Amino acid sequence: MKKVLSFVLLSFVATITYAQSTWNVDKAHSQVSFGITHMGISEIEGLFRDFDATIVASEEDFSDAVFNVSIDISSVDTGIEMRDNHLRTSDFFDVEKYPTMTFKSSKIEKVAENKYKITGDLSFHGVTKPVTLDVWYRGSVKNEKGIVSGFQITGSINRKDFNIANETPEVALSNEVKIKVDAEFKK
């Protein structure tokens, strides 16, 4: 009986491990963007051009997904070189001291069909804080390269929670920074 139970348990664990898949971001079809309000009257948007991300999941609907993201902060691009260079300084991102932003999800909760809330730790500018983001699983398609799945991730953070430009008043630069990620992942 013990041998049968051990075999069943081992087979169950092997099935779970085997069913788990790692999905890698397709950088050519993905972008990480942000927006912040300037002087209360305009939205300034930008991108991070250099990033990497994976999803590990065993459920077809990604309801057990774990997201891992790493962003090279020096790759910031707002379309204005002088502004980008200023953002890289210690006045804002201080990329020499804090070159990378990371996010690792710790919890995923299904809130509607193909809609989730993910909570995880965002590490940025020497600070790690839990954040919750909205995830829209846009579906999967099969093409000549295999299965591709699309996601849109949105949310916001408070820049002061991460010690970004603490001396800059909200009247000049909003505390809220909007995050938007549109990404395709390949199995």
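Computed from a predicted structure; not experimentally measured.

**A short note on the overall build of the chain**
The secondary structure content of the chain amounts to two helices and eleven strands. For the chain, the α and β elements follow one another from N to C terminus as α-β-β-β-β-β-β-α-β-β-β-β-β. Overall size of the chain, expressed as C-alpha extent along the three principal axes, is 70 × 40 × 35 Å. Restricting the contact set of the chain to residue pairs at least 6 apart, pairs at least 24 apart contribute 53%. Carbon together with sulfur atoms contributes 55% to the accessible area of the chain, which is approximately 11400 Å² in total. When the 22 basic and 27 acidic side-chain charges of the chain are each reduced to a single mean position, those positions are 6 Å apart.

**Digging into the pairing of strand β11 (residues 173–186)**
Here strand β1 (residues 21–25) pairs with β11 via two bridges, running antiparallel. The partner of Val25 across the bridge, within β11, is Phe185. As paired strands, strand β2 (residues 31–38) and β11 are joined by seven bridges and run antiparallel to one another. Counted as the bridge partner of Phe34 is Ile179 from β11. Two elements, strand β10 (residues 146–158) and β11, share eleven bridges in a ladder whose sense is antiparallel. The residue bridging Thr154 from the neighbouring strand is Lys180, located in β11.

**Regarding the side chain of Ser33**
In this structure, Ser33 sits in strand β2. Taking relative accessible area as the criterion, Ser33 reaches 14% and is therefore assigned buried.

**Some words on the pattern of salt bridges**
Charged atoms that come close allow side chains of opposite charge to pair. Per the counting criterion, the structure on display carries five salt bridges. A salt bridge links Asp182 to Arg138; the nearest nitrogen and oxygen atoms lie 4.0 Å apart. Of this pair, Asp182 sits in strand β11 while Arg138 sits in strand β9 (residues 127–143); the two residues are 44 residues apart in sequence, bridging distant segments of the chain. For Lys180, the salt bridge identified is with Asp182, shortest N-O distance 3.6 Å. Residues participating in the shared-partner salt-bridge network are Arg138, Lys180 and Asp182.

**Comments concerning the confidence of the model for the chain**
Across the chain, the average pLDDT comes to 92, with 90% of residues at or above 70. Here residues 4–18 is a poorly scored stretch, pLDDT under 50, and it has zero contacts once near neighbours within four places are set aside; other chains count.

**Things to note about the side chain of Asp94**
Structurally, Asp94 is set in the loop between α2 (81–87) and β7 (100–112). Of the side chains bearing the opposite charge, Lys97 lies closest to the buried Asp94, which forms no salt bridge; the N-O distance is 5.2 Å. Here Asp94 is in contact with Leu87, Arg88, Thr89 and His125, once residues within four sequence places are set aside.

**Examining the nonpolar core**
Grouped together as the largest cluster of nonpolar side chains are 43 residues, with contacts concentrated most on Phe48, Ile55, Phe67 and Phe93. Those residues within four positions of Phe93 in sequence are excluded, and the remaining contacts are Phe48, Ile73, Val76, Leu87, Arg88, Tyr98, Phe124, His125 and Ile164.

**Remarks on the pairing of strand β5 (residues 66–72)**
In this structure, strand β4 (residues 51–57) lies alongside β5, joined through six bridges in antiparallel fashion. Bridge pairing links Val56 to Val66 in β5. Pairing of β5 with β7, which is carried by five bridges, proceeds in the antiparallel orientation. In the sheet register, Asp72 faces β7, and the bridge partner there is Thr100.

Conventions used here
- Residues numbered from 1 in each chain as written.
- Predicted model: local features only at pLDDT ≥ 70, side-chain atom pairs only at ≥ 80, totals over all residues.
- Heavy atoms only, no water.
- Helix = DSSP H or I, 4+ residues; strand = E, 2+ residues; numbered from the N terminus.
- Contact = heavy atoms within 4.5 Å.
- Areas by Shrake-Rupley, 256 points an atom, 1.4 Å probe, with all protein chains shown as cover.
- Lys, Arg positive; Asp, Glu negative; His and termini not counted.
- Charge placed at Lys NZ, Arg CZ, Asp CG, Glu CD.
- Pairing = 2+ DSSP bridges.
- Buried < 20%, exposed > 50% of the residue type's maximum accessible area, 1.4 Å probe, protein only.
- Salt bridge = Lys/Arg side-chain N within 4 Å of Asp/Glu carboxyl O.
- pLDDT = per-residue confidence, 0-100.
- Core = buried A, V, L, I, M, F, W, Y, C linked by side-chain atoms within 4.5 Å.

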